[in-house]
Each structure stands twice: as C-alpha cells, then as structure tokens.
Amino acid sequence: MLGKGAGQHRNHSGCGSRSHAIVLAMRYVIVIAAVTFFLIWDGIYNQGRYLDYTVREITRVVNYATSLV
C-alpha cells in the first residue's frame, strides 16, 4: 500500500524532508553571509559608524521598555 505511510513524509511542495533541511540550512547561510558582509563593509568604509548607531539605539529602546515596568 503506497501513500502517506511510514517513511514517506513530504512537505507541501512534495519534496522530502532532506531537501527541506538543505533549503533551510541555505537560508541560514545566506543570512549569516549578509550580516558578515555588512559588518565588514561598515568596519572598513565607515569605521563602524552604523554598527555603533544600531547598538546605541537598541540600548536606548531596551532601557525605555524596561523602565516602563
């Protein structure tokens, strides 16, 4: 009997779970590569200005959110 039996799990696109895992891993690789590229670009061409600004803003938002309690 063929069908959705044991060992025949498929996602909505019809691909097996192994190819789904590869696609998910590639998404992580792309995100990590993009963040790494931004950090290197900011460090070389802007002396870390955008990273510094981002960290300061996140700190400000966290301080604001935690002081509301």
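Look up: the structure comes first, before these words.
Please read these numbers as outputs of a predicted model, since none were measured by experiment.

Draft legend 1. Quick peek at the packing of aromatic side chains. Considering all chains together, one arrives at 2 aromatic pairs under this definition. Considering the side-chain rings of F38 and W41, the 6.0 Å spacing of their centres and the 40° angle between planes classify their relative orientation as tilted. Highlighted residues: F38 and W41, both in helix 1 (residues 17-45), separated by 3 residues, approximately one helical turn. Through a chain of ring-to-ring contacts, the aromatic side chains of F38, W41 and Y50 assemble into a single cluster.

Draft legend 2. Molecular detail of a nonpolar patch on the surface. Among the surface-exposed residues, V31, V35, F37, F38, L39, I40, W41, I44, Y45, Y50, L51 and V55 lie close enough to one another that they form a single nonpolar patch of about 1200 Å² accessible area. Those elements that provide at least two residues to the nonpolar patch are helix 1 and helix 2 (49-67). Relative to the elements of secondary structure, Y50 occurs in helix 2. Accessibility expressed as a relative area gives 39% for Y50, which makes it partly exposed.

About the thresholds
Residues numbered from 1 in each chain as written. Predicted model: local features only at pLDDT ≥ 70, side-chain atom pairs only at ≥ 80, totals over all residues. Heavy atoms only, no water. Phe/Tyr/Trp six-rings, centres within 6.5 Å; stacked < 30°, edge-to-face > 60°. Helix = DSSP H or I, 4+ residues; strand = E, 2+ residues; numbered from the N terminus. Patch = residues over 30% accessible without salt bridge, like charges linked within 9 Å, V, L, I, M, F, W, Y side chains within 5 Å. Areas by Shrake-Rupley, 256 points an atom, 1.4 Å probe, with all protein chains shown as cover. Salt bridge = Lys/Arg side-chain N within 4 Å of Asp/Glu carboxyl O. Buried < 20%, exposed > 50% of the residue type's maximum accessible area, 1.4 Å probe, protein only.

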